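# Close look at the chain arrangement
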Amino acid sequence: MNIPDDKELEKIYKRKERNIRKYKPQRGEYWSFEDFKEWYKEKYSNDPVCFYCKIPENIIEKIYWDIRHTKRPRTRIKLEIERLDPFDNYNKKNAVLACFNCNNSKSDILLCEEFKAIGKIIEKIWKAIAKKNGVVY
Ligand SMILES: [Zn+2]
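Residues numbered from 1 in each chain as written. Predicted model: local features only at pLDDT ≥ 70, side-chain atom pairs only at ≥ 80, totals over all residues.

## So, the overall build of the chain
Note the following rule: To qualify as a helix, a DSSP run of H or I must reach at least 4 residues; to qualify as a strand, a run of E must reach at least 2; elements of each kind are numbered from the N terminus. Radius of gyration means the value over C-alpha atoms here, while the globule rule gives 2.2 Å times the residue count to the 0.38 power. Burial is judged by counting the other C-beta atoms within 10 Å of a residue's own C-beta: 20 or more makes it buried, 12 or fewer makes it exposed, and any count in between marks it as partly exposed, with every C-beta position built from the backbone. Residue pairs qualify as contacts under a 7 Å threshold applied to their C-beta atoms, which are placed from the backbone.
Broken down by element type, the chain carries five helices and two strands. The linear arrangement of helices and strands in the chain, starting from the amino end, is α-α-α-β-β-α-α. In terms of overall dimensions, the chain is globule-like: its C-alpha atoms have a radius of gyration of 15 Å, near the 14 Å expected for 137 residues. Judged by the C-alpha coordinates and their principal axes, the chain covers about 45 × 35 × 25 Å. Burial statistics for the chain: of 137 residues in total, 20% are counted as buried. Once local pairs closer than 6 in sequence are excluded, the contacts in the chain between residues at least 24 apart make up 58%.

## Let's talk about the nonpolar core
Put simply, the rule reads: In these notes, a nonpolar core means any group of buried Ala, Val, Leu, Ile, Met, Phe, Trp, Tyr and Cys residues linked to one another through C-beta atoms within 7 Å.
Counting residues in each nonpolar core, the largest one holds 22 residues, and the members touching the most others are C50, Y52, C53, I55, A98, C99 and C102. If you list the elements that add at least two residues to this core, you get α3 (57-67), β2 (95-98) and α5 (112-132). Top contributing element to this core by residue count: β2, with four residues.

## Considerations on the packing of helix α1 (residues 6-22) against helix α2 (residues 33-43)
Going by this rule: The convention used is that axes are lines fitted to C-alpha atoms, helices contributing only their stretch in contact, and that angles between N-to-C directions extend from 0 to 180 degrees. Roughly parallel refers to an angle under 35 degrees, roughly antiparallel to one over 145, roughly perpendicular to one between 65 and 115, and oblique to any angle outside these ranges. In this scheme the crossing of two helices becomes right-handed for a clockwise turn of the near helix relative to the far one and left-handed for an anticlockwise turn of less than a right angle. For this classification, Asp, Glu, Lys and Arg are treated as charged, while Ala, Val, Leu, Ile, Met, Phe, Trp, Tyr, Cys and Pro are nonpolar and the rest, including Gly, are polar.
Two elements in contact, α1 and α2, have axes whose closest approach is 10 Å; the angle formed by their N-to-C orientations is 115°. Taken together, the axis directions place α1 and α2 in an arrangement best described as roughly perpendicular. Crossing angle aside, the handedness with which α1 passes α2 is right-handed. Across from L9, E10 and Y13 in α1, the residues of α2 making contact are F33, F36, K37 and Y40. The residue makeup of the contact of α1 with α2, split by class, is five nonpolar, no polar and two charged.

## Side note on α1
The line we're drawing: A helix is expected to reach a length of 1.5 Å times the quantity of its residues less one.
The end-to-end C-alpha distance of α1 is 25 Å, a good match for the 24 Å that 17 residues give at a rise of 1.5 Å each. Counting buried positions along α1 gives one out of 17 residues, so the element sits mostly on the surface.

## A few points about the environment of Y44
Looking at where Y44 falls in the secondary structure, it is placed in the loop between α2 and α3. According to the C-beta neighbour criterion, Y44 is partly exposed, with 16 such atoms within 10 Å. For the pair Y44 and P4, spaced 40 residues apart in sequence, the C-alpha to C-alpha distance is 9.8 Å.

## A short note on the environment of Y30
Along the chain, Y30 turns up in the loop between α1 and α2. The partly exposed category is assigned to Y30, around which 17 C-beta atoms lie within 10 Å. Note: C-alpha distance between Y30 and Y90 (60 residues apart in sequence) is 5.4 Å.

## Focus on the environment of E82
Of note, E82 is situated in strand β1 (residues 80-83). Taking the number of C-beta atoms within 10 Å as the measure of exposure, E82 has 22 and is therefore buried. In this structure, the C-alpha to C-alpha distance between E82 and E17, residues 65 residues apart in sequence, is 13 Å.

## Concerning unusual backbone geometry
Residues other than glycine predominantly adopt negative phi, and peptide bonds predominantly adopt the trans conformation. In this model, H69 sits at a positive phi of 50°, which is unusual for a non-glycine residue. Position of H69 among the secondary structure elements: in the loop between α3 and β1. The class of H69 is exposed, set by 7 C-beta atoms lying within 10 Å. Positioned with a positive phi, S107 is a non-glycine residue whose angle comes to about 50°. Residue placement: S107 occurs in the loop between α4 (100-106) and α5.

See below:
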């Protein structure tokens, strides 16, 4: 698993920061770049998976690119940085990685606990697509 260099990480960090300035969470401060870097490197120290449906990032790429032939840019099928509690800011305790499907379904309304059951359904759907196409994970 290759972790982006500091310059690339800084781009990701600043993009999120610009976004959060627009939709200011009710609680918490935006994490420092050092915290973000540490969090990111830890998440990517092993094959990262979606927090909710557990799909590994490399399997998402297989399904989107090889099976479903998406037109979506490659950067848009990576796991996304998601907040467990959408009313709290990005920080090491509140941020997890989530697949595009989970992140979009959860949106900024549902809390982590409220979304768990939906995550399990998305897990079943991913697994069925993978199995049908001979992809094992
Ligand atoms: Zn997911």
